[in-house]
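Structural characterization, general
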There are 2 protein chains.
Amino acid sequence: MSSIPPVAADKATTTVVIYSGGMDSFTVLHRALSEGLTVHALSFDYGQRHARELDTARQVCASLGLPHQVVDIRAIHGLIDNSALTDPEQAMPEGDYDTDNLRATVVPNRNMILLSLAIAKAVNIGAERVDYGAHGGDHVLYPDCRPEFVEAMNHVAGIANFEPVQLHAPYLTVSKADILREGLAMGLDYRHTWTCYEGRELACGVCGSCRERLAAFAANGVTDPLAYSVDNAAGQR
Amino acid sequence: MSSIPPVAADKATTTVVIYSGGMDSFTVLHRALSEGLTVHALSFDYGQRHARELDTARQVCASLGLPHQVVDIRAIHGLIDNSALTDPEQAMPEGDYDTDNLRATVVPNRNMILLSLAIAKAVNIGAERVDYGAHGGDHVLYPDCRPEFVEAMNHVAGIANFEPVQLHAPYLTVSKADILREGLAMGLDYRHTWTCYEGRELACGVCGSCRERLAAFAANGVTDPLAYSVDNAAGQR
C-alpha cells in the first residue's frame with residue numbers, strides 16, 4: 001500500500017479540477033473542496049461511449065453548487081488517422097479491453113491535450129492550480145500518467161503564461177484502492193460516480209473498468225453502493 | 001541581426017509542420033522539405049478573422065502535393081470566459097492591435113494547446129518531429145514563444161507517449177527579417193503567404209501584422225510581391 005501524500009502546502013485559492021465523473025476524480029474534487037479551495041470543475045466530452053460518466057459529473061456539480069463546464073473536444077478525433085487500426089502490425093490485439101485494446105485505440109497525447117485545455121481555463125479564471133486524478137495504477141499503461149510526465153508538465157505550466165499554474169495530482173503514486181480508502185474516510189458516497197465503459201443503464205460489472213472498481217472496494221472490505229446489472233454482478237456478492 | 005542556427009542533425013524522417021499560411025510557417029515548411037523530410041502540414045481553424053490565411057495554406061499544400069489537415073478547434077473558445085474583457089482592471093487597452101489588445105483577447109495557453117495537438121498527430125502518423133515557427137520577435141509578447149517554454153515542451157514531448165517526438169523551432173531566436181532573408185535565399189515566393197489580420201480581399205497594409213511584414217521586406221531591401229489595398233499601400237511605395 002502506498003502512503004497518501006500530505007496536502008500540498010501551496011497558496012492556491014482556486015483550482016480547476018479535471019473531473020470525469022469517475023471515482024478518482026470524484027475523490028480529487030472533494031479533496032480540493034476539503035482544502036477550502038474554490039473549485040471549478042472541467043469535464044471533456046470526447047465522444048465516450050460511457051456518456052453516463054458526464055451525466056454523473058453534471059449531477060454531482062449541480063448538487064454541490066459548483067461551476068462546471070463540459071468542453072466538447074470531439075473534433076480532436078478528426079486529428080487521428082485510424083488507419084493504424086487496419087495496419088496488420090497494429091491489429092487490434094486480443095485480451096483485456098483496458099490494456100491492449102485501449103493502447104491501440106486511444107487518442108495519442110491525450111493527457112497533454114486535456115491538461116493544456118485545463119491550464120487555459122485556469123489562466124482564464126485566475127485559478128492558480130489544476131487538479132487531476134492520475135494515479136499509481138495507470139503508470140504501466142500510459143506514459144502520460146507517470147510522475148516524470150506530470151513533473152515536466154508542471155514545469156511547463158509554470159512558465160507558459162503570464163500567470164503560473166501549478167499541476168496537482170495528489171494520487172500520482174497512490175493505488176485506486178488507497179484513493180477509495182481516503183474517500184471513504186472522508187465520508188464520500190461512491191453511488192455518485194460512474195466507472196463502467198459500457199453505455200448501459202446499469203454498470204455491467206464485468207468490463208475491465210468495472211472489475212478494477214470492484215477490486216478496489218473488495219480491497220477495502222466494503223460493498224460498492226452502485227447498482228450493477230443483476231446478471232453480471234458476480235464481483236459484488 | 002541574429003544568426004540562423006544550423007539544421008538540427010537529428011534522425012527524423014517525417015515531421016508535422018504547424019502551418020498557418022503566414023510567412024514564418026511557410027518558411028519553416030519549405031525548410032523542412034529542403035532537409036528531405038516527409039512533411040505533413042497541420043493548420044488550426046480557431047475562427048480567425050483572417051481565414052484567407054487558411055485558404056492560402058490549403059493552396060500551397062495542394063500545389064506542393066503535401067498532406068494537409070485543418071483541425072477545427074473553434075470549440076475551444078467555449079472554454080474561455082470573456083468576462084475578463086468587461087473587467088475594468090482588464091479593460092481593452094488602447095494602442096496597437098498586435099500588442100496590448102492581443103494580450104487581452106488571446107486564448108490563454110494557446111501554444112501548449114496547439115503543440116499538444118500537433119504532437120498527437122505526430123504520434124498518430126509516426127512522425128518523429130513537430131516543426132513550428134515561433135520566432136525571436138514574439139518573445140516579448142508571449143511567454144509561450146520563449147526558448148524556455150519550447151525547451152520545456154520539447155522535454156515533455158519526449159516522454160509523453162511511447163514514441164518520443166522532438167519539437168523543432170528553427171527560428172526561435174531569429175527575427176522576422178532574418179527568416180525572410182533565409183526564405184528569399186531559398187527562392188521562396190512570398191506571394192503565397194497571407195499575413196493581414198483584416199479579412200478583406202487584399203491585404204490592408206496598415207494593421208500591425210501587415211506593418212511587421214512590410215518592415216521585414218524593407219529590412220531586406222525587397223518589395224513584397226503581395227498585392228495590397230491601393231489606398232493603404234504606403235509602406236510599399
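Remember, predicted model here, so these are calculated numbers, not experimental data. Numbering of residues starts from 1 in every chain and runs along the sequence as written. Written order determines the labels here, with chains lettered from A and ligands numbered from 1. Thresholds applied to this predicted model are a pLDDT of at least 70 for local features of residues and 80 or more for the giving and counting of side-chain atom pairs; totals over whole chains, interfaces and linings are not thresholded and use all residues. Note: side-chain values were computed over all heavy atoms of the structure, leaving out hydrogens and water.

**Concerning the overall build of chain A**
Along the backbone of chain A there are seven helices and five strands. Under the scheme applied here, a residue whose accessible area is under 20% of the maximum for its type counts as buried, over 50% as exposed, and between as partly exposed, the area being computed with a 1.4 Å probe on protein chains only. Looking at the 237 residues of chain A, the share that counts as buried comes to 52%. For accessible areas, the Shrake-Rupley method is used with a probe of radius 1.4 Å. Any residue's cover is judged against the shown protein chains and nothing else. For chain A, the exposed surface amounts to about 10300 Å²; the carbon and sulfur share of it is 52%. What counts as a helix is a DSSP run of H or I of at least four residues, what counts as a strand is a run of E of at least two, and both are numbered from the N terminus.

**What to know about the side chain of Ser 43 of chain A**
Residues and elements named next belong to chain A. Secondary-structure assignment places Ser 43 in strand 2 (residues 38–45). A polar atom in the side chain of Ser 43 sits 2.7 Å from the side chain of His 68. Contacts are residue-level and defined by heavy atoms, with any inter-residue pair within 4.5 Å sufficient. If near-sequence neighbours (up to four positions away) are discounted, Ser 43 is found in contact with Tyr 19, Leu 54, Ala 57, His 68, Gln 69, Val 70 and Val 71. For this analysis, a polar contact is any N or O atom pair within 3.5 Å, provided that within protein one partner can donate a hydrogen and the other can accept it, and provided that sequence-adjacent residues contribute only side-chain to side-chain pairs.

**Focus: the relation of the copies chain B and chain A**
Relating one copy of the chain to the other requires a rotation about an axis plus a shift along that axis. Superposing copies: least-squares fit, C-alpha atoms only, residues required to have pLDDT of at least 70 in both. Mapping chain B onto chain A is achieved by rotating through 180 degrees and translating by 0.0 Å along the same axis, at an RMSD of 0.0 Å. Accordingly, the operation relating the two chain copies is best matched by a two-fold axis. Residue Ile 113 of chain B of chain B places its C-alpha closer to the rotation axis than any other residue of that unit, at 3.1 Å. When you check the interface residues of chain B against chain A, 100% turn up at the interface there too, and the contact is symmetric in its surfaces.

**Examining helix 4 (residues 110–125) of chain A**
All names here are of chain A. Helix span is expected to be 1.5 Å times the residue number reduced by one. For helix 4, spanning 16 residues, the distance from its first C-alpha to its last is 23 Å, which sits close to the expected 22 Å at 1.5 Å a residue. Burial analysis of helix 4 places 13 of its 16 residues in the buried class, which makes it a mostly covered element. Phi for Gly 126, located one or two positions after helix 4, is positive at around 80 degrees.

**Section: the sheet that holds strand 2 (residues 38–45) of chain B**
Residue and element names in this part refer to chain B. Here a strand pair is declared whenever DSSP counts at least two bridges between the two strands. The five strands are arranged 3-2-1-4-5 in an open sheet whose pairing can be described as parallel. Here the strands that pair on one side only, and so sit at the sheet edges, are strand 3 (68–72) and strand 5 (166–168). Neighbour to neighbour, the strand axes of the sheet diverge by 25 degrees on average, direction disregarded. Axis definition: a line fit to C-alpha positions, over the contact stretch in the case of helices; interaxial angles, taken between N-to-C directions, run 0 to 180 degrees.

**Some details on the pattern of salt bridges**
The salt bridge criterion pairs a side-chain nitrogen of Lys or Arg with a carboxyl oxygen of Asp or Glu, the two atoms within 4 Å. All chains considered together, the criterion is met by 24 salt bridges over all chains. A salt bridge links Glu 35 of chain B to Arg 129 of chain B, with the shortest nitrogen-to-oxygen separation between them at 3.0 Å. With Glu 35 of chain B in the loop between helix 1 (23–34) and strand 2 and Arg 129 of chain B in strand 4 (residues 129–131), this residue pair connects regions lying 94 residues apart in the sequence. For Arg 129 of chain B, a relative accessible area of 0% gives the class buried. With a closest N to O distance of 3.9 Å, Arg 74 of chain B and Asp 45 of chain B form a salt bridge. Separated by 29 residues along the polypeptide, Arg 74 of chain B in the loop between strand 3 and helix 3 (97–105) and Asp 45 of chain B in strand 2 bring together distant segments of the chain. Take Arg 74 of chain B: its relative accessible area is 45%, and that puts it in the partly exposed class. Three or more residues joined by partner-sharing salt bridges are found here, namely Glu 35, Arg 129 and Asp 131 of chain A.

**Considerations on the interface of chain B and chain A**
A common way to report how large an interface is uses the accessible area buried once the components associate. The partner chain A presents 36 residues to the 36 residues of chain B that form the contact. Reported buried area values correspond to the accessible surface (1.4 Å probe) lost by two parts on association, with both partners' losses combined. Of the roughly 3200 Å² buried where chain B meets chain A, counting both sides, 70% is carbon and sulfur surface. Interface area lost by chain B to chain A is led by Leu 79, Asn 124 and Phe 162 of chain B, which between them contribute 20%. The interface formed by chain B and chain A contains zero salt bridges. For the pair chain B and chain A, the number of links is seven residue pairs in polar contact (both at pLDDT 80 or more). Class assignment of the residues belonging to the side of chain B that touches chain A gives a composition of 23 nonpolar, seven polar and six charged. Polar here means any residue outside two lists: the nonpolar Ala, Val, Leu, Ile, Met, Phe, Trp, Tyr, Cys and Pro, and the charged Asp, Glu, Lys and Arg; Gly therefore counts as polar.

**Looking at the confidence of the model for chain A**
All names here are of chain A. Overall, the predicted model of chain A reaches an average pLDDT of 83, with 80% of residues at or above 70. Low pLDDT, under 50, characterises residues 1–9; the predicted model gives this stretch 20 contacts beyond four residues in sequence or across chains. Across residues 83–104 the pLDDT falls below 50, and counting only partners more than four positions away or on other chains, this stretch makes 29 contacts in the model. Prediction confidence for the complex, expressed as pTM and ipTM, is 0.86 and 0.84 respectively. Known as pLDDT, the predictor's per-residue confidence is scaled from 0 to 100.

**Considering empty space enclosed by the protein**
Cavities and pockets are defined on a 1 Å grid built over the protein atoms alone: a cavity is a set of grid points where a 1.4 Å probe fits but cannot escape, while a pocket is an open set with protein on both sides within 12 Å along at least five of seven lines, and lining residues are those with an atom within 4 Å of any such point. Grid points are joined across faces, edges and corners, and a volume is the space filled by probe spheres set on the points. Enumeration over the complete set of coordinates arrives at two cavities of 30 Å³ or more. Space inside the largest cavity adds up to approximately 70 Å³. Along the walls of the largest cavity sit Tyr 46, Ile 73, Ile 76, His 77, Val 107, Arg 110, Ile 113 and Leu 114 of chain B, which together make up its complete lining. Across the lining of the largest cavity, the residue classes break down as six nonpolar, one polar and one charged. Roughly 50 Å³ of volume is contained in the second largest cavity. For the second largest cavity, the full set of lining residues is Asp 72, Ile 73, Ala 75 and Ile 76 of chain A together with Asp 72, Ile 73, Ala 75 and Ile 76 of chain B.

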